Protein chains: 2
Amino acid sequence: MSFGPRVLIVDDEVHLMKIIKTCLTREGYRVLQATTGERGLRMALEEKPDLVVLDVMLPGLDGVAVCAELRRLHFPAPVLMLTSKAEVEHRIRGLNTGADDYLPKPFDHREFLARVKALLRRQQRDEKKSFLLRFGDAHVDLEKRSATRGANPLKLTKTEFALLDLLAKNGGKSVSREQILDSVWGYTYFPTTRTVDTHIYRLRKKLGDDGEQPKWIQKIQGEGYCLSESTVVQPPE
Amino acid sequence: MSFGPRVLIVDDEVHLMKIIKTCLTREGYRVLQATTGERGLRMALEEKPDLVVLDVMLPGLDGVAVCAELRRLHFPAPVLMLTSKAEVEHRIRGLNTGADDYLPKPFDHREFLARVKALLRRQQRDEKKSFLLRFGDAHVDLEKRSATRGANPLKLTKTEFALLDLLAKNGGKSVSREQILDSVWGYTYFPTTRTVDTHIYRLRKKLGDDGEQPKWIQKIQGEGYCLSESTVVQPPE
DNA sequence: AACAAGGTGTCACAATCCTGTCACATATCG
DNA sequence: CGATATGTGACAGGATTGTGACACCTTGTT
């Protein structure tokens, strides 16, 4: 659907790098590369990738040092550390300096992929604030992905949840159609603008917001849509 | 300042034991010891340590057996298994019997410490899960790993228990197929997503949730599955 | 006030994707 | 061996979704 997350690989073994890159690219990730600790560190800070894959053994600043520095600067993305068997000693420090996972070399590329995905998912989940929304007698829990209308369960599709997610994240601020398309459908897909309207229409209908004047999901003429603030029940904790 | 976590070591090599003990004590852990599988098992159940370190090679009950027994009783703390070099090939088996991590001997004491810490951290993160589930006339005890349907005992396979475990741990929240694969099948095995559906299908059938509308195990279209909240009877204590 | 021009709401429909179901081949266990 | 458990592919029925057509609304202009 969308461009995948961006992954920075810091490794000096060109061959391995190539393999990893192919592997990730094929799955739709965007790959950034660096071959020394220093460049990796700089690139991480500048490009803010969603995940960093760090080889422990690097010329100059080694992986552990890079990781420690990233953490010291409160770099938010997860770090996956690659260690070779001979580097046992480093592996230790790897876990202690804030790497979120590590993988001993040589590894199966599928396992590598599985861990990458898992780390990104976890990240995603942590970021996602669990919002509760209320539309009259309809309640929506964005975290559990469940909804009710009065006493009855209400079935929303994943696109509808994604839409609400986006609108809720922006509070009462209006969100343009373009933003919506980018966020829900991704940059690589180009549906008609009609598509957004249709989904808004369906949402409103399910939520009972189909009176004369939509109360909960409001349009900003020539601009986009926004959630009326009264719908946000609880940004938790 | 509180006492550190309690770690039970089960090993018959006195020398190694001594080293480990010093090592842990210096870091503020409280150390319990046992030199045979039987005593280790008993002590684990009685003292309920926060972590168990198990040598595979033990007189009498060996490490794998102890671990299996602990898991059968749904012992909650993580288990770190110590294996000698020759047993490396078996380490996968070790993991399959319920050990949370393993460490080949001889090991660097710093790596040992790192893994201990990592396990305890992970433990801390894991939320308390609910142990008793009810699906109409079917009851499932995740702790005892037993189930009944009406008056009859109901046999669930270990995969099915693992599935329920995961779903229950996530409360009413939806769990994606990928999460399910990672958690139940692990990073090193790669079944089709079809596999998940089939197991859900079998579970539903056994639990009697195969009416028109599945009531207990619900699908979130395009997303995954979740347990309806009414199935959770009571988190203990 | 009337009009033009583009933005929106509404909806039916076909294409596509997702899930339930099951038979069958393997794997595992005793 | 037999019995049970597990993974896979095929398939049908359902659910979801993008699209176009058309009516209606807004806005700004004569």
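Bear in mind that the values here come from a model prediction, so they are computed numbers and not experimental data.

Novice: It is not clear to me how the overall build of chain A should be interpreted in this structure. Could you clarify?
Specialist: If you tally the helices and strands in chain A, you get eight helices and 13 strands. Looking at chain A as a whole, 47% of its 237 residues qualify as buried. Of the contacts formed within chain A by residues at least 6 apart in sequence, a portion of 57% connects residues at least 24 apart.

Novice: Looking at this structure, how should I read the nonpolar core?
Specialist: If you look at soluble globular proteins, the nonpolar side chains tend to sit buried side by side. Counting 28 residues, the largest nonpolar core has A:L133, A:F135, A:V140, A:L164 and A:I180 as the members making the most contacts within it. Of all the secondary structure elements, the ones that give two or more residues to this core are β6 (132–135), β7 (138–141), α6 (158–169), α7 (177–185), α8 (193–207) and β12 (224–227) of chain A. Here this core gets six residues from one element, more than from any other, and that element is α6(A). Ignoring anything within four residues of it in the chain, the contact list for A:I180 reads A:L163, A:L166, A:V175, A:W185, A:V196 and A:Y225. In this structure, B:A147, B:L154, B:L167 and B:L207 belong to the second largest nonpolar core, which totals 27 residues.

Novice: Would you explain the protein's contact with DNA strand C in this entry?
Specialist: Every one of the 28 residues lining DNA strand C counts as a neighbour, but A:R177, A:Y201, A:G222, B:Y201 and B:Y225 are closest to it. Sugar and phosphate atoms constitute 69% of the interface atoms of DNA strand C, taking the interface as everything within 4 Å of the protein. Measuring from a phosphate oxygen of DNA strand C, one finds a side-chain N or O atom of A:R177 at 2.4 Å. One of the side-chain N or O atoms of B:R194 is found 2.9 Å from a base oxygen in DNA strand C. Those elements that provide at least two residues to the surface near DNA strand C are α8 and β11 (217–220) of chain A together with α8 (193–207) and β11 (217–220) of chain B. Per-element tally for the surface near DNA strand C: the top contributor is α8(A), with seven residues.

Novice: Quick question: what am I supposed to make of unusual backbone geometry here?
Specialist: Trans is the prevailing form of peptide bonds, just as negative phi is the prevailing case for residues other than glycine. Even without a glycine there, the phi angle at A:R145 is positive, about 60 degrees. Structurally, the position occupied by A:R145 is in the loop between β7 and β8 (146–149). Despite not being glycine, B:K48 has its phi angle at roughly 45 degrees, a positive value. In this structure, B:K48 sits in the loop between α2 (37–47) and β3 (51–55). For B:K48, a relative accessible area of 59% translates into the label exposed.

Novice: Can you walk me through the sheet that holds strand β4 (residues 79–84) of chain A in this structure?
Specialist: Pairing between the strands of a sheet is mediated by backbone hydrogen bonds and can be parallel or antiparallel. Residue and element names in this part refer to chain A. Strands sit in the order β2-β1-β3-β4-β5 across an open sheet of five strands; the sheet is parallel. The open sheet is flanked by β2 (30–34) and β5 (101–105), the only strands paired with a single partner. Neighbour-to-neighbour, the strand axes of this sheet turn through a mean angle of 20 degrees, independent of strand direction. In this structure, strand β3 (residues 51–55) lies alongside β4, joined through four bridges in parallel fashion. The partner of V53 across the bridge, within β4, is L80. On the sheet, helix α2 (residues 37–47) packs against β1 (6–10) and β2 and is oriented at approximately 165 degrees with respect to β1. Of the strands in this sheet, β3 and β4 touch helix α3 (residues 63–72), which is tilted by about 165 degrees from β4.

Novice: Before we go on, may I ask you to explain α7(A) in this structure?
Specialist: At 3.6 residues per turn, the α-helix brings residues three or four places apart onto the same side. Residues and elements named next belong to chain A. By the burial criterion, the buried members of α7 are I180, L181, V184 and W185. Looking straight down α7, one finds that the buried residues subtend no more than 100 degrees of arc, so they occupy a single side. Buried-residue contacts for α7 involve α6, β10 (175–176), α8 and β12. G186 sits one or two residues past α7 and shows a positive phi near 90 degrees.

Novice: I'm lost on the packing of aromatic side chains in this one. Help?
Specialist: When we look at a pair of aromatic rings, we describe it by the centre distance and by the angle of the planes. All names here are of chain A. Applying the stated criterion to the full structure yields two aromatic pairs over all chains. Ring geometry for F107 and F112: centres 5.3 Å apart, planes at 25 degrees, overall stacked. This pair shows no difference in class: F107 is buried, exactly as F112 is. On the numbers, 6.5 Å between centres and 80 degrees between planes, the contact of F135 with W216 is edge-to-face. Note that F135 is positioned in strand β6 and W216 in the loop between α8 and β11, a separation of 81 residues in sequence. A relative accessible area of 16% means that W216 is categorised as buried.

Novice: How should I be thinking about the protein's contact with DNA strand D in this particular structure?
Specialist: Taken together, 26 residues are adjacent to DNA strand D, and A:T159, A:W185, A:H199, B:T157 and B:T159 come closest. Close to the protein, within 4 Å, the atoms of DNA strand D are drawn from sugar and phosphate at a rate of 68%. Here B:T192 contributes a backbone N or O atom positioned 2.8 Å from a phosphate oxygen of DNA strand D. Take B:H199: an N or O atom from its side chain is 2.8 Å from a phosphate oxygen of DNA strand D. Among the elements of the structure, α6 and α8 of chain A together with α6 (158–169) and α8 of chain B are those that each provide at least two residues to the surface near DNA strand D. Residues that form the surface near DNA strand D fall into these classes: six nonpolar, 14 polar and six charged.

Rules used in this analysis
Here the residue numbers are simple positions, counted from 1 along each chain's written sequence. Whichever chain is written first becomes A and whichever ligand is written first becomes 1, with later ones labelled in order. The model is predicted, so local features are restricted to residues of pLDDT at least 70 and side-chain atom pairs to those at 80 or more, both for listing and for counting; the totals for chains, interfaces and linings are taken over all residues. Values shown for side chains rest on all heavy atoms present in the structure; no hydrogens or waters enter the calculation. Runs of E in the DSSP output that reach at least two residues are strands. Runs of H or I that reach at least four are helices, and both are numbered from the N terminus. The buried label applies to any residue whose accessible area, calculated with a 1.4 Å probe on protein chains only, is under 20% of its type's maximum; exposed applies above 50%, and partly exposed to all values in between. We call two residues in contact when some of their heavy atoms are within 4.5 Å. We define the nonpolar core as a collection of buried residues of types Ala, Val, Leu, Ile, Met, Phe, Trp, Tyr and Cys that are connected through side-chain atoms lying within 4.5 Å of one another. By convention in these notes, a residue is near a molecule or strand provided one of its non-hydrogen atoms lies within 4 Å of it. In the analysis that follows, any N or O atom pair within 3.5 Å is treated as a polar contact, provided that within protein one partner can donate a hydrogen and the other can accept it, and provided that, for residues neighboring in sequence, both atoms belong to side chains. Strands were regarded as paired on the criterion that DSSP finds at least two bridges between them. Lines fitted to the C-alpha atoms define the axes, with helices restricted to the stretch that makes contact. Angles between their N-to-C directions range from 0 to 180 degrees. This arc describes the spread of directions from the helix axis toward the C-beta atoms. Each Phe, Tyr or Trp ring (for Trp, its six-membered ring) is paired with any other whose centre lies within 6.5 Å, and the angle between the two planes then decides the class: stacked below 30 degrees, edge-to-face above 60, tilted in between. Each residue gets one of three labels, nonpolar for Ala, Val, Leu, Ile, Met, Phe, Trp, Tyr, Cys and Pro, charged for Asp, Glu, Lys and Arg, and polar for the others, Gly among them.

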